Amino acid sequence: MRSLLLGAVLAAVVLFLFGFVVWGLMPVDPFSTVSDEPALSQTLVQVLPASGVYLLPDEGDTEEEFAAATEAMRRGPLAMVFFRREGVEPMAPAVFALGFLHMFVTALLLGLVLRQAAPALPSYGARVAFVALLGLTAAVWARLGEPIWWHFPWGFHLLYFFSDLLSWTLAGLVLARFVRRREPTRLVAA
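In short, a report on the structure. Quick caveat, the model's predicted, so the values are computed rather than measured. (Residues numbered from 1 in each chain as written. Predicted model: local features only at pLDDT ≥ 70, side-chain atom pairs only at ≥ 80, totals over all residues. Heavy atoms only, no water.)

Aromatic ring pairs are described here by two measures, namely the spacing of the ring centres and the angle between the planes. The tally for this structure, following the rule as stated, stands at 6 aromatic pairs. A ring pair is formed by Trp 23 and Tyr 160, whose centres lie 4.9 Å apart and whose planes are at 40 degrees; its orientation type is tilted. Remark: Tyr 160 occurs in helix α6 (residues 154–178) and Trp 23 occurs in helix α1 (residues 2–25); sequence separation between them is 137 residues. Classification of Tyr 160 as partly exposed rests on a relative accessible area of 23%. (Phe/Tyr/Trp six-rings, centres within 6.5 Å; stacked < 30°, edge-to-face > 60°. Helix = DSSP H or I, 4+ residues; strand = E, 2+ residues; numbered from the N terminus. Buried < 20%, exposed > 50% of the residue type's maximum accessible area, 1.4 Å probe, protein only.)

Encoded structure:
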């Protein structure tokens with residue numbers, strides 16, 4: 001169990017550093033810009049009643065509202081707004097700490113799955129491939145559904161997809177060193 005915990009901590013460090021490189025030093029900005037950000041911010045504060053996630057057009061509660069929303073969807077525009085009225089402290093240490101904890105817990109869970117599968121994965125390469133396949137599965141599910149179901153831009157989510165896939169492949173390179181196939185213990189007759 002100690003090697004699993006150590007592997008999860010080291011995998012979380014790798015994930016944290018990789019996240020910094022991808023999202024902090026990436027030469028491509030995945031976000032679109034707004035021509036008049038102060039005006040949009042003011043409008044959001046005036047129009048949106050509280051922090052939350054808003055869908056435009058709103059489907060409403062009645063058949064008539066749903067029909068109107070369906071027609072509005074055909075015309076456009078479409079938007080999903082993640083709105084936080086009260087703001088946040090940029091680069092807050094607590095966010096980094098919680099982010100690292102999230103990475104550690106996820107790496108630990110992945111390590112537990114790997115430990116269960118380890119008897120069928122005799123080599124380091126097989127263990128890395130297993131973790132990468134789990135990462136691929138998670139990335140396909142979590143990232144590629146958004147453009148399909150919510151009509152989000154593909155480029156943004158493909159960037160997230162490849163980031164997730166590379167993250168978990170790197171974590172697999174670490175975890176596969178610490179979570180190994182255990183040979184059955186043999187009793188030696190005295």
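Turning our attention to the side chain of Ser 163. One can find Ser 163 in helix α6. In this view, Ser 163 contacts Phe 18, Val 22 and Trp 23; residues no more than four positions away in its chain are not counted. (Contact = heavy atoms within 4.5 Å.)

The computed volume of the second largest pocket comes to approximately 330 Å³. If you trace the second largest pocket, you find it lined by Thr 33, Val 34, Glu 37, Leu 40, Ser 41, Leu 44, Phe 82, Phe 83, Arg 84, Gly 87 and Val 88. Of all the elements in the fold, those that place two or more residues in the lining of the second largest pocket are α2 (37–47) and β2 (79–83). Of the residues forming the lining of the second largest pocket, the biggest block, 4 residues, is contributed by α2. A class-by-class count of the residues in the lining of the second largest pocket yields 6 nonpolar, 3 polar and 2 charged. (1 Å grid on protein atoms, 1.4 Å probe; cavity = no way out; pocket = protein on both sides within 12 Å on 5 of 7 lines; lining within 4 Å. Points joined across faces, edges and corners; volume = space filled by probe spheres on them. Nonpolar A, V, L, I, M, F, W, Y, C, P; charged D, E, K, R; others polar.)

Next up on the list: the pattern of salt bridges. Where charged atoms of side chains with opposite charge meet at close range, the side chains can pair. A full pass over the atoms with the stated rule returns 3 salt bridges. In this structure, the salt-bridge partner of Glu 71 is Arg 74, at a minimum N-O distance of 3.4 Å. Here Glu 71 and its partner Arg 74 are both found in helix α3 (residues 63–75), 3 residues apart, which amounts to about one turn of the helix. Assessed through its relative accessible area of 37%, Glu 71 is described here as partly exposed. Here Glu 86 makes a salt bridge to Arg 84, at a shortest N to O gap of 3.6 Å. (Salt bridge = Lys/Arg side-chain N within 4 Å of Asp/Glu carboxyl O.)

Glancing now at the side chain of Ser 167. Structurally, Ser 167 is set in helix α6. Ser 167 gets classed as buried once you look at its relative accessible area, which sits at 11%.

Relative to each other, α1 and α6 sit at 150 degrees, their axes nearing to 8 Å. Classified by the angle their axes make, α1 and α6 are roughly antiparallel. The way α1 lies across α6 gives a crossing that is right-handed. In this structure, α1 contributes Ser 3, Leu 6, Gly 7, Ala 8, Leu 10, Ala 11, Val 14, Leu 15, Phe 18, Val 22 and Trp 23 to the contact, and α6 contributes Leu 159, Tyr 160, Ser 163, Leu 166, Ser 167, Trp 168, Leu 170, Ala 171, Val 174, Leu 175 and Phe 178. Residue composition of the contact of α1 with α6, by class: 18 nonpolar, 4 polar and no charged. (Axes fitted to C-alpha atoms, helices over the stretch in contact; angles between N-to-C directions. Parallel < 35°, antiparallel > 145°, perpendicular 65-115°, else oblique. Left-handed = near helix turned anticlockwise from the far one by under 90°.)

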